[in-house]
Amino acid sequence: MARKHFTSGRSLGAGEMWLYHRSGSGSGVQLTERRTQQKDSGEPVFSPDGRYLYFSDDATPGGTFEYSKDPNGQIYVIQRLDRETGEVEPYVTGPGGAIRPTPSPDGRWLAFIRRVRYQSTLYLMDIESGREIPIHDGLDRDLQETWAIHGVYPGISWTPDSQSIVFWAGGHIRRIDIDSREVADIPFRVTDTRRVQDALRRPVEVAPEQFDVRMVRWAETSPDGRRAVFEALGHLWIRDLPTGQARRLTRQDDHFELYPSWSRDSRSIVYTTWSDDELGTIRVVPASGGNGRVVSQGPGHYVEPTFSPDGRTIVYRTVSGGGLRSGLYSRDTGVYAMPAGGGEPTLVVGSGSQPQFGADSDRLFFTASGAEGVREFRSIDLDGSDERTHLTSQYASEFFISPDQNWIAWTERFNAYVAPFIGTGRGVSLSAGGGALPQTRVTRDAGEWLHWSGDSSRLQWSLGPELFSRDLNEAFAFVEGAPETLPEAPERGINLGFSHPTAAPDGVLALTGARLITMNGDEVIENGTIVIDGNRIAAVGPAGSVTVPAGARTVDASGATIIPGIIDGHWHGSMGSNEIIPQQSWVNYASLAFGVTTIHDPSNDTSEIFAHSELARAGRVLGPRIFSTGTILYGAATPFTAVVEDLDDARSTLRRMQAAGAFSVKSYNQPRRDQRQQIIQAARELDMMVVPEGGSLFQHNMTMIVDGHTTIEHAIPLANLYADVHQLWSQTGVAYNPTLTVAYGGNWGENYWYQESEVWRNERLLRFVPRRIVDARSRRPVHVPDNELNHISVAREAARLAELGVPVLLGPHGQREGLGAHWEMWMLEQGGMSPHQALQAGTIQGARALGMDRDIGSLEPGKLADLVVLSQNPLENLRNSTSIRYTVINGRIFDDNMDEVGGQPRRPFWFEGEDGDTLAPDEAIGQVHGHDHGEH
């Protein structure tokens, strides 16, 4: 008997029970069928006579796994399969759930475990009468509230005489006599040696004077092949090929420019713009450059404009705003056509994306969503009639038709493929492994922004800053001009990127009279002075030992306390949508207003977050220092799965992320350990770091520590850790980010803070976050008894690990903008850390864990001037960490309204005016900001 695990479109898969012959021959016989793709079943065991099979089953309603479930109700039940009739029936049910079925050898009893007011308790069920008897309440907490493919509780066993049960609890193996209920320890001792790998960690230069622009978006070669247009740092750039210098295409600076696309004659470029105040437009500019001419009729959220082959029509798509952007003009979304010179638009199709033309100007191709998530490539007449489906694909992301309409290119799991485009009158299925038509993978590692040459003889794409191309006669032996041996996919392209200065202010700033918590050990300087020259700290020390240069701007911070800027090591949230990045992001401002000056996001849209990061580096937007893994290296079956079957796959995957600007990757539930090890090895070779997520699986977390990952992201799901974990972990360099706000194993820490305080009245939060978003989460909190506060047990174990030398950093998961970082520190204090230790977790420990401690994390000369000025002393009361008077980011000082001191006040956010309540009609309020595990 074995439990077989299945993973589908989400990493949280499900189990089935299978029977195998003990000889090892045969493929097995299926006994049970998983009820959903995400609700788990496991812990199978036979009755003594072999007729019945008992197993634990997550019986919660619906098909989607949910975190932070209520164990006072029914989560798991024990099911029983009758092997004679094939019937499966719920056998032990009810509040508190039922797990780990274990029948006695004499067939009289079924031992199992259920929760009783949060306490996992060992029960006996008299099989004849059904009577249920609790016999011991000294168990560790079970894993009903989380994901537990290795078992919801460690195995228990009867003695052969059916008089005693052997079980694990409290770090011991114990035996209970079922009549007397006496419990005794069974002594054991394990002496073990484990070989561990060095933790991956490399120094990161946080803010060099110049940085390489790597996030080149929408790179597109002109149809005549002479030039390329692309977007970087919010502007459109054009460059002669192959060796020209990038130059600005337009002369406007009051908006961001996006989505450039060439006319077929290579003379004009159509593009969209974004302004937080004016919203978006569609514009046309000559390829020679100049001012873009507005051709759209009114403001909107415009994307994906394209010329028809004859140049007389522009087709585009409208999308909605309402999250980071205004929700105005978010209705009537769809694909529209209008005259190229401007005029009344007409709706072509209400849903679909990536509108494009083939050979004809009166028929439009587009990508649509079919049944069960299947992607479809369709076409339609410009008057909205005669819609047809040409191609279908389970895992394709994008389709691109060649100008002569003879070829189709598509992307699947990051790589690009090409096949002939053949009409059949029905949807032809495409896949990376398909063989119905000749097809070729044309990319080595990945390809984005696919486009064709004007004569349809060559496919072009970009990866990071490089522009690639491949002739069809290099991809197919039957194409005229093909060599006898086809070449491999190109390894290098034309580098369109360029260097740009990192923004830094001029002048000298001095902060005087403050208490300085430097994070150099336990050092605290009373009446200290900090001198900042440009964007770096020039001097730190007691007032009498630091000279303030003549002419320096001085801020009297007497009575205040200064700490380094907070480092959020596990941040999630929106950086944009539909590739549109706001000029002033309220998410950024909220982070800074709460003193968070550096974020590391281990799961975000690659192009949006790295583009946003570069905009911040260049000073075009204000925000914390933004770092990310980009898109996760996902192990589930999705269009964005990172397929890792060998070391070469891992190398290719990491090269793809490094090209975009990542120095770290997130290994997210790659199902096999060897796959995770291959990612680790590739990272060592490419000088990168790996931050994994074990998906609430203790066993996976332990192997991740042994294998040398940079950090462990998310909480170990157990309520108690013991000497085996403490001894192992403390002898490695692997850091721990417990993300207490969403701590695995039980009730999320976030819930506690809505119960503990009226978050919906927090004035600082409401200054930067739309009220409707805050209200929706905070005004009706869930109240949890003290003994069910899971985050405290997770924080206690994090504090114990920190005492043993494990670097513990904070990561509030983006659950509550900026404020969540303080919740994390306060929860670490609840777990036993001192205020100073909790502040270190929020500053220097995060810097060390992520290799950034040469530049940030402490108040030292030469480090970047990221710091927080508090009106009250957090060492006396850690809750004073939110008494923020000033935030200093990169040497610029901002007050509690995020107005720059001595500079310009910030502009109002879109929700601060009379239109402040306007959200897009399809906006899910709870998901406007934050990273929901349900997405992965």
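Placed above this text is the structure.
This one's a predicted model, so the numbers in the text were calculated from it and none came from an experiment.

Time to look at the pattern of salt bridges. Tallied over the entire structure, the rule returns 46 salt bridges. Arg 388 serves as the salt-bridge partner of Asp 386, at 2.6 Å between the closest nitrogen and oxygen. Connected through salt bridges with shared partners, the residues Arg 363, Asp 381, Asp 386 and Arg 388 form a single ionic network.

With that settled, consider helix H10 (residues 790-803). The end-to-end C-alpha separation of H10 is 20 Å, in line with the 20 Å expected for 14 residues at 1.5 Å each. If you check which residues of H10 are buried, you get Asn 790, His 791, Ser 793, Val 794, Ala 795, Glu 797, Ala 798, Ala 799 and Leu 801. Turning to H10, the residues buried within the fold contact helix H6 (723-730), strand S56 (735-737), helix H7 (749-756) and helix H11 (819-830). Immediately downstream of H10, the backbone of Gly 805 shows phi near 105°, a positive value.

This part covers the pairing of strand S25 (residues 302-307). Residues in a regular strand project their side chains so that they alternate between the two faces of the sheet. Of all the six residues making up S25, six are buried; the element is thus mostly covered by neighbouring parts of the structure. Bridging between S25 and strand S26 (residues 313-318) involves four bridges; their strand directions are antiparallel. Pairing of Phe 307 across the sheet is with Ile 314, part of S26. Adjacent in sequence and paired antiparallel, S25 and S26 are bridged by five residues, among which Gly 311 carries a positive phi angle near 75°.

Bringing the packing of helix H3 (residues 647-660) against helix H4 (residues 673-686) into the picture now. The geometry of H3 relative to H4 is characterised by a closest axis approach of 8 Å and an angle of 55° between their N-to-C directions. Judged by the angle between their axes, H3 and H4 are oblique. Viewed along their axes, H3 and H4 form a crossing whose handedness is right-handed. Of the residues in H4, those in contact with Leu 647, Ala 650, Arg 651, Leu 654, Arg 655 and Gln 658 of H3 are Gln 678, Ile 679, Gln 681, Ala 682, Ala 683, Glu 685 and Leu 686. Taken together, the residues of the contact of H3 with H4 sort by class into seven nonpolar, three polar and three charged.

Attention now goes to the packing of aromatic side chains. Between two aromatic rings, the relevant description is the distance of the centres plus the angle of the planes. Going through the model one piece at a time under the given rule, you end up with 34 aromatic pairs. Ring geometry for Tyr 302 and Tyr 316: centres 5.5 Å apart, planes at 80°, overall edge-to-face. Of this pair, Tyr 302 sits in strand S25 while Tyr 316 is found in strand S26, placing the two residues 14 residues apart along the sequence. The two residues Tyr 302 and Tyr 316 agree in class, both being buried. Taken together, the ring pairs in this structure connect Trp 586, Tyr 589, Phe 768, Phe 909, Trp 910 and Phe 911 into an aromatic cluster.

Within the secondary structure, Asp 142 is located in the loop between strand S11 (132-136) and strand S12 (157-158). Separated by 604 residues in sequence, Asp 142 and Gly 746 place their C-alpha atoms 9.7 Å apart. Sequence-distant contacts of Asp 142, that is, excluding residues within four places in its chain, are made with Ile 99, Ile 113, Arg 115, Ser 120, Val 152 and Tyr 153. In this structure the side chain of Asp 142 is engaged in a polar contact, spanning 2.9 Å, whose partner is the side chain of Arg 115.

Turning next to H11. Helix length check: H11 (twelve residues) gives 17 Å between terminal C-alpha atoms against 16 Å at 1.5 Å per residue, within 8%. Gly 832 sits one or two positions beyond H11 and adopts a positive phi of about 125°.

What counts and how
Residues numbered from 1 in each chain as written. Predicted model: local features only at pLDDT ≥ 70, side-chain atom pairs only at ≥ 80, totals over all residues. Heavy atoms only, no water. Salt bridge = Lys/Arg side-chain N within 4 Å of Asp/Glu carboxyl O. Helix = DSSP H or I, 4+ residues; strand = E, 2+ residues; numbered from the N terminus. Expected span 1.5 Å × (residues − 1). Buried < 20%, exposed > 50% of the residue type's maximum accessible area, 1.4 Å probe, protein only. Contact = heavy atoms within 4.5 Å. Pairing = 2+ DSSP bridges. Axes fitted to C-alpha atoms, helices over the stretch in contact; angles between N-to-C directions. Parallel < 35°, antiparallel > 145°, perpendicular 65-115°, else oblique. Left-handed = near helix turned anticlockwise from the far one by under 90°. Nonpolar A, V, L, I, M, F, W, Y, C, P; charged D, E, K, R; others polar. Phe/Tyr/Trp six-rings, centres within 6.5 Å; stacked < 30°, edge-to-face > 60°. Polar contact = N/O pair within 3.5 Å; in protein donor to acceptor, adjacent residues only side chain to side chain.

Scope: geometric values only; no functional claims are made or implied.
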